[in-house]
Amino acid sequence: MEFSKVLVTGGAGFMGSHVVDALIERGYEVVVIDNLSAGSLSFLEGAFRQQKIPLPPSRPA
Ligand SMILES: NC(=O)c1ccc[n+]([C@@H]2O[C@H](COP(=O)([O-])OP(=O)(O)OC[C@H]3O[C@@H](n4cnc5c(N)ncnc54)[C@H](O)[C@@H]3O)[C@@H](O)[C@H]2O)c1
């Protein structure tokens, strides 16, 4: 069985965002679930740029 879509929990974190980048690089469609309790949307900047999707505004601190 071959998968083309991957769910990454904690994808806006340090490890997760690298996993997201690696999966996109390999052609997977990636869905991220992250409550941003510790990570940052800025870690996903490259992934958003690569998909030509504007980075959503960060939540106020
Ligand atoms: N070298 C560096 O620049 C750097 C930076 C940050 C972290 N680190 C290291 O990386 C390691 C930690 O990285 P990590 O990726 O495991 O942790 P992380 O905290 O970076 O990532 C965890 C992610 O899970 C999310 N999360 C937590 N609970 C959640 C929930 N209930 N629902 C949804 N999302 C949730 C957080 O918001 C976060 O984005 C540590 O060893 C740390 O020292 C290194």
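Enquirer: Got a sec to walk through the overall build of the protein? Specific residues and values, please.
Expert: When helices and strands are tallied, the protein shows two helices and two strands. In sequence order, the secondary structure elements of the protein are arranged as β-α-β-α. Taking 2.2 N^0.38 as the reference for a compact globule, 61 residues should give roughly 10 Å; the C-alpha atoms of the protein span a radius of gyration of 11 Å, in line with that estimate. In terms of overall dimensions, the protein has a C-alpha envelope of 45 × 20 × 15 Å along the principal axes.

Enquirer: Give a description of the pattern of salt bridges that names residues and reports values.
Expert: Here the structure, examined in full by the defined rule, presents two salt bridges. E29 serves as the salt-bridge partner of K5, at 3.8 Å between the closest nitrogen and oxygen. Taken together, the positions of K5 in strand 1 (residues 5-9) and E29 in strand 2 (residues 29-33) put the pair 24 residues apart, joining distant regions of the chain. Given a relative accessible area of 46%, E29 falls into the partly exposed group. Of the charged contacts in the structure, one is a salt bridge between E45 and R49, with a shortest N-O distance of 4.0 Å. Of this pair, E45 and R49 both sit in helix 2 (residues 45-50), separated by four residues, roughly a single helical turn. Residue classification places E45 among the partly exposed residues on the basis of a relative accessible area of 38%. A residue is classified by how much of its surface remains accessible, and R49, at 58% relative accessible area, is exposed.

Enquirer: Describe the side chain of S17, with residues and values.
Expert: Within the secondary structure, S17 sits in helix 1 (residues 14-25). Given a relative accessible area of 4%, S17 falls into the buried group. Reaching out from S17, the side chain makes a polar contact with the backbone oxygen of G13 at a distance of 2.7 Å. Setting aside residues up to four positions removed in sequence, S17 forms contacts with G11, F43 and L44.

Enquirer: How would you sum up the layout of surface pockets? Please name residues and give values.
Expert: The calculated volume of the largest pocket comes to roughly 230 Å³. Lining the largest pocket, in full, are V20, I24, Y28, E29, V30, V32, L44, A47, F48, Q51 and I53. When residues of the lining of the largest pocket are traced back to their parent elements, those giving at least two are helix 1, strand 2 and helix 2. Looking at which element gives the most residues to the lining of the largest pocket, the answer is strand 2, with three residues. Each residue belonging to the lining of the largest pocket can be placed in one class, and the counts come to nine nonpolar, one polar and one charged.

Thresholds, definitions, all that
Residues numbered from 1 in each chain as written. Predicted model: local features only at pLDDT ≥ 70, side-chain atom pairs only at ≥ 80, totals over all residues. Heavy atoms only, no water. Helix = DSSP H or I, 4+ residues; strand = E, 2+ residues; numbered from the N terminus. Rg over C-alpha atoms; globule rule 2.2 N^0.38 Å. Salt bridge = Lys/Arg side-chain N within 4 Å of Asp/Glu carboxyl O. Buried < 20%, exposed > 50% of the residue type's maximum accessible area, 1.4 Å probe, protein only. Polar contact = N/O pair within 3.5 Å; in protein donor to acceptor, adjacent residues only side chain to side chain. Contact = heavy atoms within 4.5 Å. 1 Å grid on protein atoms, 1.4 Å probe; cavity = no way out; pocket = protein on both sides within 12 Å on 5 of 7 lines; lining within 4 Å. Points joined across faces, edges and corners; volume = space filled by probe spheres on them. Nonpolar A, V, L, I, M, F, W, Y, C, P; charged D, E, K, R; others polar.

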